[in-house]
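For reference, the chains in residue letters:
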Amino acid sequence: MPDISPPTPSEAAELLMAGNRRFVAGTPQHPNQNAARRAQTAPGQRPFAVLFGCSDSRLAAEIIFDRGLGDLFVVRTAGHVAGPEVLGSIEYGVSVLDCPLVVVLGHDSCGAIAAARAALTDGVAATGYVRDVIERVTPSLLAARAAGLTEDDDILAEHIRHSVDLLLDRSRVLADQVAEGRTAVLGLSYRLADGSARLVTARGLPAEATPPAPGA
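Treat the numbers as computed from the prediction; the structure is a model and nothing was measured.

J.: In this structure, what is going on with the packing of aromatic side chains? I would like to understand it.
T.: Each aromatic ring pair is summarised here by two numbers: the centre-to-centre distance and the angle between the ring planes. Taken as a whole and assessed by the stated rule, the structure comprises one aromatic pair. Relative to Tyr 92, the ring of Phe 73 has its centre 5.9 Å away and its plane inclined at 35°; by these criteria the two rings are tilted. Placement of the pair is Phe 73 in strand β2 (residues 72–77) and Tyr 92 in helix α4 (residues 84–96), with a sequence separation of 19 residues. By relative accessible area, Tyr 92 is classed as partly exposed at 39%.

J.: Teacher, can you tell me more about the sheet that holds strand β5 (residues 197–203) here?
T.: Sheet strands pair by backbone hydrogen bonding; their relative direction is either parallel or antiparallel. Strand order in the open sheet formed by five strands is β2-β1-β3-β4-β5, and the pairing between neighbours is mixed. The open sheet has two edge strands, β2 and β5, and neither has a second partner. Averaged over all neighbouring strand pairs, the angle between strand axes comes to 20°, with direction disregarded. As defined by bridge partners, strand β1 (residues 49–54) adjoins strand β3 (residues 101–107) across four bridges and the pair is classed as parallel. Among the inter-strand pairings, Leu 51 is bridged to a residue of β3, identified as Val 103.

J.: What exactly am I supposed to notice about the layout of surface pockets here?
T.: Picture a little ball the size of a water molecule; that probe, rolled over the atoms, points out where space is still empty. Space inside the second largest pocket adds up to approximately 170 Å³. Lining the second largest pocket are His 107, Asp 108, Ser 109, Cys 110, Ile 113, Ala 114, Arg 117, Asp 152, Asp 153, Ile 155 and Leu 156. A total of four residues in the lining of the second largest pocket trace back to one element, the largest contributor, which is helix α7 (residues 152–170). Within the lining of the second largest pocket, the residues separate by chemical class into five nonpolar, two polar and four charged.

J.: It is not clear to me how helix α8 (residues 172–179) should be interpreted in this structure. Could you clarify?
T.: Taken residue by residue, α8 has Leu 174, Ala 175, Gln 177 and Val 178 as its buried positions. Each buried residue of α8 sits inside an arc of 160° when the element is viewed along its axis, so together they form one side. Opposite the buried face of α8, at more than 90 degrees from it, the exposed residues are Arg 172 and Ala 179. Among the structural elements, α4, β3, α7, β4 (184–190) and β5 are those in contact with the buried residues of α8. Gly 181 sits one or two positions beyond α8 and adopts a positive phi of about 80°.

J.: So what exactly am I meant to see when it comes to unusual backbone geometry here?
T.: When glycine is set aside, most residues are seen to have a negative phi, and most peptide bonds are trans. Of note in the backbone geometry, His 80 takes a positive phi value of approximately 40° without being a glycine. One can find His 80 in the loop between β2 and α4. Relative accessible area serves as the criterion here: at 3%, His 80 is assigned to the buried category. Here the phi dihedral of Ser 109 falls at roughly 55°; this positive angle occurs in a residue that is not glycine.

J.: What is the right way to read the side chain of Thr 77 from this model?
T.: By secondary structure assignment, the location of Thr 77 is in strand β2. At 2.8 Å, the side chain of Thr 77 forms a polar contact with the backbone oxygen of Val 81.

J.: I tried to follow the packing of helix α6 (residues 130–146) against α7 on my own but got confused; where do I start?
T.: Relative placement of two packed helices is described by the angle separating their axes and the distance separating the axes. At a minimum axis separation of 9 Å, α6 and α7 run at an interaxial angle of 125°. Accordingly, the angle class assigned to the pair α6 and α7 is oblique. Crossing geometry of α6 relative to α7 is assigned as right-handed. Here Val 137, Pro 139, Ser 140, Leu 141, Ala 143 and Ala 144 of α6 lie close against α7, whose contacting residues are Ile 155, Glu 158, His 159 and His 162. Residue composition of the contact of α6 with α7, grouped by class: six nonpolar, three polar and one charged.

J.: I tried to follow the pairing of β4 on my own but got confused; where do I start?
T.: Looking along a regular strand, one sees the side chains alternate between the two faces of the sheet. Most of β4 sits out of view: seven of its seven residues are buried. Both faces of β4 are covered, namely the face carrying Ala 184, Leu 186, Leu 188 and Tyr 190 and the face carrying Val 185, Gly 187 and Ser 189. For β3 and β4, the ladder comprises seven bridges, and the chain directions are parallel. Bridge pairing in β4 places Gly 106 opposite Ser 189. The pairing of β4 with β5 spans six bridges and is antiparallel. When the sheet's bridge partners are listed, Leu 188 is paired in β5 with Leu 199.

Reading the values: rules and limits
Residues numbered from 1 in each chain as written. Predicted model: local features only at pLDDT ≥ 70, side-chain atom pairs only at ≥ 80, totals over all residues. Heavy atoms only, no water. Phe/Tyr/Trp six-rings, centres within 6.5 Å; stacked < 30°, edge-to-face > 60°. Helix = DSSP H or I, 4+ residues; strand = E, 2+ residues; numbered from the N terminus. Buried < 20%, exposed > 50% of the residue type's maximum accessible area, 1.4 Å probe, protein only. Pairing = 2+ DSSP bridges. Axes fitted to C-alpha atoms, helices over the stretch in contact; angles between N-to-C directions. 1 Å grid on protein atoms, 1.4 Å probe; cavity = no way out; pocket = protein on both sides within 12 Å on 5 of 7 lines; lining within 4 Å. Points joined across faces, edges and corners; volume = space filled by probe spheres on them. Nonpolar A, V, L, I, M, F, W, Y, C, P; charged D, E, K, R; others polar. Arc of directions from axis to C-beta. Contact = heavy atoms within 4.5 Å. Polar contact = N/O pair within 3.5 Å; in protein donor to acceptor, adjacent residues only side chain to side chain. Parallel < 35°, antiparallel > 145°, perpendicular 65-115°, else oblique. Left-handed = near helix turned anticlockwise from the far one by under 90°.

Dropping the structure here:
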């Protein structure tokens, strides 16, 4: 690929959110999805954002943010729970690929959150490795309960904030990048019905660069 300087964290956030606004409005441009882009990215990749989201089939990152080949470095797990492999993948994105933006993407009607809530309130136990996913979501729900949060949207937002905090607490590489102003971290909440991604929390972005919600 041509040696082009990566965007700033603020520019990367605006690129991402502009694509979501197009998706919500029903006017996608489908950028970087042709044969020329395929050939351009074959020798190497220079994505402008790491997107760490839930594995839910309705959260196809390049579609909901109207991007294409080589734009996003995508890491997905059920409930966007983070283990060593996730942290290593995100660190690769920011330290090797020079991504100026990391996004944690949660969504409403999340099955992992619902399962964790059922385990807490009704004692419904999962089997196999699903239990591990639930155990990693549970601290967010306990924090929400301690804060008196009961609405679904508020509990989701708490889980997104907890995920952002966890990444910065556990990854010194990412925390240093943010402290140096080289990378920003956004927590976004996606609404399945209207397709909008709304800001929950931001680290490393000035207030004036915080992306507006679609339609704002």
